[in-house]
Amino acid sequence: MGGEGIYIACDQDPLAISFCKKRFKDNEHFLFLPKNYVDFESSLKKKNLRLDKVLLDLGMSSFQLDHPDRGFSFQGDSPLDMRMDPTCGPSAAEWLNTAAEADIAEVLFVHGEERHARRIAREIVAQRPLHTTTELADVVASLAPTRKAPYKKHPATKTFQAVRIYINGENEELASGLEQSFGCLKLGGRLAVISFHSLEDRHVKQTFRAWSQPPA
């Protein structure tokens, strides 16, 4: 990547930061912050930095999806983890194996917009303990209506999305991350966001719309 100035990258995934540090170890224009973007503003203030442009790339990366031990994907049989930072908080398995049925159903409905949230939550509780991605995917798939035509998406897609979002507090962090990123910009700076599902997209649009309104 060319150009003058400094490129600042932050990520809460220690493996992603380690990979990038090795990839750009000879590039003096890069600064890496091993933090979630909810800590972004405080980190920059310590370095007395303000930014011309901020890009928030939300959700997961192929780096995380392809890693066999992270548990983000149901494409392989791996530990049911789903934490962006594997050193922080309970794993998906720990939460699913201890949470109340009503709490699981609420997470699936709110964060995954899953219509069958109650049925899936009931079956998860009935089949506990769950330890692998395959076990969780099979529980959800067992409740899917029988169809002759193949599904466009795996029936467990929304469940995996919902659990991942909840485990990592993604919706709460997005709200804070937007505010902090906006606060780090120089006058005339730009903030761009790449989102991957309707919940993120809706929140970003509503926030940008609110910012664009004149003060009351």
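Details of the structure are given in the entry above.
Heads up: these notes are all about the structure in this document. Remember, predicted model here, so these are calculated numbers, not experimental data.

The rules behind the values
Residues numbered from 1 in each chain as written. Predicted model: local features only at pLDDT ≥ 70, side-chain atom pairs only at ≥ 80, totals over all residues. Heavy atoms only, no water. Salt bridge = Lys/Arg side-chain N within 4 Å of Asp/Glu carboxyl O. Helix = DSSP H or I, 4+ residues; strand = E, 2+ residues; numbered from the N terminus. Buried < 20%, exposed > 50% of the residue type's maximum accessible area, 1.4 Å probe, protein only. Pairing = 2+ DSSP bridges. Right-handed = clockwise from strand over helix to strand, strands pointing away. Patch = residues over 30% accessible without salt bridge, like charges linked within 9 Å, V, L, I, M, F, W, Y side chains within 5 Å. Areas by Shrake-Rupley, 256 points an atom, 1.4 Å probe, with all protein chains shown as cover. Phe/Tyr/Trp six-rings, centres within 6.5 Å; stacked < 30°, edge-to-face > 60°. Expected span 1.5 Å × (residues − 1). Contact = heavy atoms within 4.5 Å. Arc of directions from axis to C-beta. Disulfide = S-S within 2.5 Å. Axes fitted to C-alpha atoms, helices over the stretch in contact; angles between N-to-C directions. Left-handed = near helix turned anticlockwise from the far one by under 90°. Nonpolar A, V, L, I, M, F, W, Y, C, P; charged D, E, K, R; others polar.

**Comments concerning the pattern of salt bridges**
1) Next: One pass over the full model with this rule turns up 7 salt bridges.
2) Next: For lysine 186, the salt bridge is made with aspartate 52, and the minimal N-O distance between the two is 3.6 Å. Taken together, the residues span a long stretch of sequence, with lysine 186 in strand β4 (residues 185-194) and aspartate 52 in strand β3 (residues 51-57) at a distance of 134 residues.
3) Next: For aspartate 52, a relative accessible area of 47% gives the class partly exposed.

**Side note on the pairing of strand β2 (residues 30-33)**
1) Next: Relative to β2, strand β1 (residues 7-10) is paired through 4 bridges, and the arrangement is parallel. Across the sheet, residue tyrosine 7 finds its bridge partner in β2, namely phenylalanine 30.
2) Next: Taking the sense of rotation as the criterion, the β-α-β connection linking β1, helix α1 (residues 14-23) and β2 turns out right-handed.

**A closer look at a nonpolar patch on the surface**
1) Next: On the surface, Leu15, Phe19 and Phe63 cluster together into a nonpolar patch covering about 260 Å² of accessible area.
2) Next: Summarising the element assignment, phenylalanine 63 is placed in helix α3 (residues 62-65).
3) Next: On the accessibility criterion, phenylalanine 63 (30% relative accessible area) is partly exposed.

**Some details on the packing of aromatic side chains**
1) Next: Within the structure shown, the criterion is met by 8 aromatic pairs.
2) Next: Residues phenylalanine 208 and tryptophan 211 carry aromatic rings whose centres are separated by 5.5 Å and whose planes lie at 25° to one another, so their mutual orientation is stacked. Of this pair, phenylalanine 208 and tryptophan 211 both sit in helix α10 (residues 198-212), 3 residues apart, roughly one helical turn.
3) Next: Judged by its relative accessible area of 32%, phenylalanine 208 is partly exposed.

**Some details on helix α5 (residues 101-112)**
1) Next: Over its 12 residues, α5 extends 16 Å from the first C-alpha to the last, a length consistent with the 16 Å expected when each residue adds 1.5 Å.
2) Next: If you follow the buried residues of α5, they end up packed against α4 (92-96), α6 (117-127), α8 (157-168), α9 (170-183) and α10.
3) Next: A positive phi of about 50° marks glutamate 113, the residue just after α5.

**What to know about helix α7 (residues 133-141)**
1) Next: By the burial criterion, the buried members of α7 are Thr133, Leu136, Ala137, Val139 and Val140. Along the axis of α7, the buried residues cluster in a sector spanning 155°; they form a single face.
2) Next: Elements that come into contact with the buried residues of α7 comprise α4, α6 and α8.

**A short note on the environment of arginine 115**
1) Next: Looking at where arginine 115 falls in the secondary structure, it is placed in the loop between α5 and α6.
2) Next: Expressed as a C-alpha distance, the spacing of arginine 115 and leucine 178, which sit 63 residues apart in the sequence, is 29 Å.

**Let's talk about the state of the cysteines**
1) Next: Scanning the entire structure with this criterion turns up 0 disulfides.
2) Next: Left without a disulfide partner, cysteine 10 is nearest to the cysteine sulfur of cysteine 184, which lies 9.5 Å away.
3) Next: On the basis of relative accessible area, cysteine 10 is assigned to the partly exposed category, the value being 26%.
4) Next: Its relative accessible area of 3% is what places cysteine 184 among the buried residues.

**Focus: the environment of phenylalanine 40**
1) Next: Within the secondary structure layout, phenylalanine 40 lies in helix α2 (residues 40-46).
2) Next: By relative accessible area, which is 6% here, phenylalanine 40 ends up buried.
3) Next: Spatially, the C-alpha atom of phenylalanine 40 lies 8.4 Å from that of cysteine 184, the residues being 144 residues apart in sequence.
4) Next: If sequence neighbours within four positions are ignored, phenylalanine 40 has contacts with Ile8, Cys10, Leu33, Leu51, Val54, Gln180, Ser181 and Cys184.

**Structural notes on the packing of α9 against α10**
1) Next: At a minimum axis distance of 11 Å, the contact between α9 and α10 shows a crossing angle of 30°. Considering only the axes of α9 and α10, their crossing is right-handed. Listed contacts from α10 to Glu170, Leu174, Ala175, Leu178, Glu179 and Phe182 of α9 are Glu200, His203, Val204, Thr207, Phe208 and Trp211.
2) Next: In terms of residue class, the contact of α9 with α10 is made up of 7 nonpolar, 2 polar and 3 charged.

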